[in-house]
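Residues per chain are reported as follows:
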Amino acid sequence: MGWRIPLSDIEIGSGEISAVRKVLESNWLSMGQVTQDFEAAFAAMTGSRHALAVTNGTAALHMACLAVGLGPGDEAIVPSLTFVATANAVRYTGATPVFADIAGENDLNLSPAAVERAITPRTRAIIAVHYGGYACDMPALLALARGYGLAVIEDAAHAVGAELDDRKLGTWGDVGCFSFFSNKNLTTGEGGMLVTNRAEMAEKLRLLRSHGMTTLTWDRHKGHAWSYDVVELGYNYRIDEIRAALGLVQLKKLPQNNDRRRRLTQVYRQAMQELAPQVSVPFQGHPGVSSAHLLPAVLPHGVSRIDFMEALKAEGIQTSIHYPPIHTFSAYRDWGTQPPDLPVTDDVAAREVTLPLYPGLSEEEVVEVCQAVQRALLAEHSRA
Ligand SMILES: *Cc1c(COP(=O)(O)O)cnc(C)c1O
């Protein structure tokens, strides 16, 4: 269906097109110089020592789980209110994801107190997901990790360019994972990135990305190496030059796009306060500088979310849900020894609706969406 106001939208301009054309005309498409340039630029943007581009964000998470040593018998603490890939990545290694609750209706990130309650003798890692690009309480999570000897992986899929205390998200923990899927703030179609400050972690990730081989096709092409050894059970999780070229151009646009998203988020907060104050917009007054990836809204208790979303759809406004909690999925329902106790996740997730947010959205359209929200709630009220 042709939405009048879609949930998200991307802007691919002449810069991306000519960068991709240049790669195509170079006759070298697999990982090479353009990927190295993209990695260097990404490392500089985040202020991390090492950056490795990969085929997607899920691969980044899988590699991060392997690199911190997760395996059968281990547990990793994750939120349930995230994309399923966060927990799937733990399971790929044979380890068990253990769900911890979120902080509250205004802070949809992991509650450090809930994380601490979920720690057992088998816990090896915490995966901190920066929901919507808003920072988790990293000082508290790092303190827990130090106290209990745990690794910290950041799922920064939403948080490219976001900060807390002047430090980029993704660089707080042992390893940070980014996604460049087409609805993310920086897109290469499919793609991802790992960042770490630790040289031995970077080396391990480099091996995992490419079959555990000690040299790359690129090195051999450049005449740097004749043969190779295989020293790990690795994967093929490489990106390619076409997507790295896209990423380099998109990275240049990121600061202005994130600014625009933050500005539109402010407009949403103000318009919602005036037109539909019963609807809360989480992360009000949240610390740090968000990448404003999503505009989550939480409906009041007693409103039918389906009817609400249908009412917006009838006005040509696309909405979504972030997220159906992972512990409610069929593939996760029998997971673990007992049903997880996640009262805040269950309550908030059932009332969450994600509203349109992308740099090309106008401030007038934001007000239009909030007016449609107001009408949908009035209709709901008169039905009740
Ligand atoms: C998009 C996303 C992923 C997965 O990234 P892909 O690039 O689609 O594999 C993981 N975690 C979160 C929170 C995401 O939003």
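Keep in mind the model is a prediction, meaning the values are calculated, not measured.

1. Let's talk about the overall build of the chain
Next up, step 1: When helices and strands are tallied, the chain shows 13 helices and 11 strands.
Next up, step 2: Taking 2.2 N^0.38 as the reference for a compact globule, 384 residues should give roughly 21 Å; the C-alpha atoms of the chain span a radius of gyration of 21 Å, in line with that estimate.
Next up, step 3: Along the three orthogonal principal directions, the C-alpha set of the chain runs to about 75 × 55 × 35 Å.
Next up, step 4: Taking contacts inside the chain between residues at least 6 apart in sequence as the whole, the part at least 24 apart equals 73%.
Next up, step 5: Counting only carbon and sulfur atoms, one obtains 52% of the accessible surface of the chain, whose full area is about 16,400 Å².
Next up, step 6: In the chain, 33 side chains carry a positive charge and 42 a negative one; their mean positions are 4 Å apart.

2. Remarks on the pattern of salt bridges
Next up, step 1: In the structure shown here, the tally under the stated rule is 18 salt bridges.
Next up, step 2: We note a salt bridge from Arg263 to Glu363, for which the minimum N-O separation is 3.0 Å. Within this pair, whereas Arg263 is found in helix H9 (residues 241-275), its partner Glu363 is found in helix H13 (residues 363-383), the two being separated by 100 residues in sequence.
Next up, step 3: What makes Arg263 partly exposed here is its relative accessible area of 38%.
Next up, step 4: The network of salt bridges with common partners includes Glu105, Asp347 and Arg351.

3. With respect to unusual backbone geometry
Next up, step 1: With an omega of 10°, the peptide bond between His322 and Tyr323 qualifies as cis.
Next up, step 2: Located in the positive-phi region is Asp165, a residue other than glycine, with phi close to 50°.
Next up, step 3: For Phe283, which is not glycine, the phi dihedral falls at a positive 70°.
Next up, step 4: By secondary structure assignment, the location of Phe283 is in the loop between H9 and strand S10 (295-298).

4. Structural notes on the domain arrangement of the chain
It is common to give the size of an interface as the accessible area that goes away when the parts come together.
Next up, step 1: Domain boundaries assigned for the chain yield domain 1 (14-250) and domain 2 (256-383).
Next up, step 2: Each partner contributes residues to the interface: domain 1 has 38 residues there, and domain 2 has 38 residues.
Next up, step 3: The contact between domain 1 and domain 2 buries some 3,300 Å² in all, and 57% of this surface belongs to carbon and sulfur atoms.
Next up, step 4: Its largest share of buried area at the contact with domain 2, domain 1 owes to Glu105, Tyr134 and Asn185, together 22% of the area lost on that side.
Next up, step 5: The interface formed by domain 1 and domain 2 contains 1 salt bridge.
Next up, step 6: Arg351 is the partner of Glu105 in a salt bridge, and the nearest nitrogen-oxygen pair spans 3.0 Å.
Next up, step 7: The interface formed by domain 1 and domain 2 contains 23 residue pairs in polar contact (both at pLDDT 80 or more).
Next up, step 8: Among the secondary structure elements, those contributing two or more residues to the side of domain 1 that touches domain 2 are helix H4 (85-92), strand S3 (96-100) and strand S6 (163-164).
Next up, step 9: With 4 residues, the top contributor of residues to the side of domain 1 that touches domain 2 is S3.

Basis of the calculations
- Residues numbered from 1 in each chain as written.
- Predicted model: local features only at pLDDT ≥ 70, side-chain atom pairs only at ≥ 80, totals over all residues.
- Heavy atoms only, no water.
- Helix = DSSP H or I, 4+ residues; strand = E, 2+ residues; numbered from the N terminus.
- Rg over C-alpha atoms; globule rule 2.2 N^0.38 Å.
- Contact = heavy atoms within 4.5 Å.
- Areas by Shrake-Rupley, 256 points an atom, 1.4 Å probe, with all protein chains shown as cover.
- Lys, Arg positive; Asp, Glu negative; His and termini not counted.
- Charge placed at Lys NZ, Arg CZ, Asp CG, Glu CD.
- Salt bridge = Lys/Arg side-chain N within 4 Å of Asp/Glu carboxyl O.
- Buried < 20%, exposed > 50% of the residue type's maximum accessible area, 1.4 Å probe, protein only.
- Domains from an automatic or database assignment.
- Buried area = accessible area lost by both parts, 1.4 Å probe.
- Polar contact = N/O pair within 3.5 Å; in protein donor to acceptor, adjacent residues only side chain to side chain.

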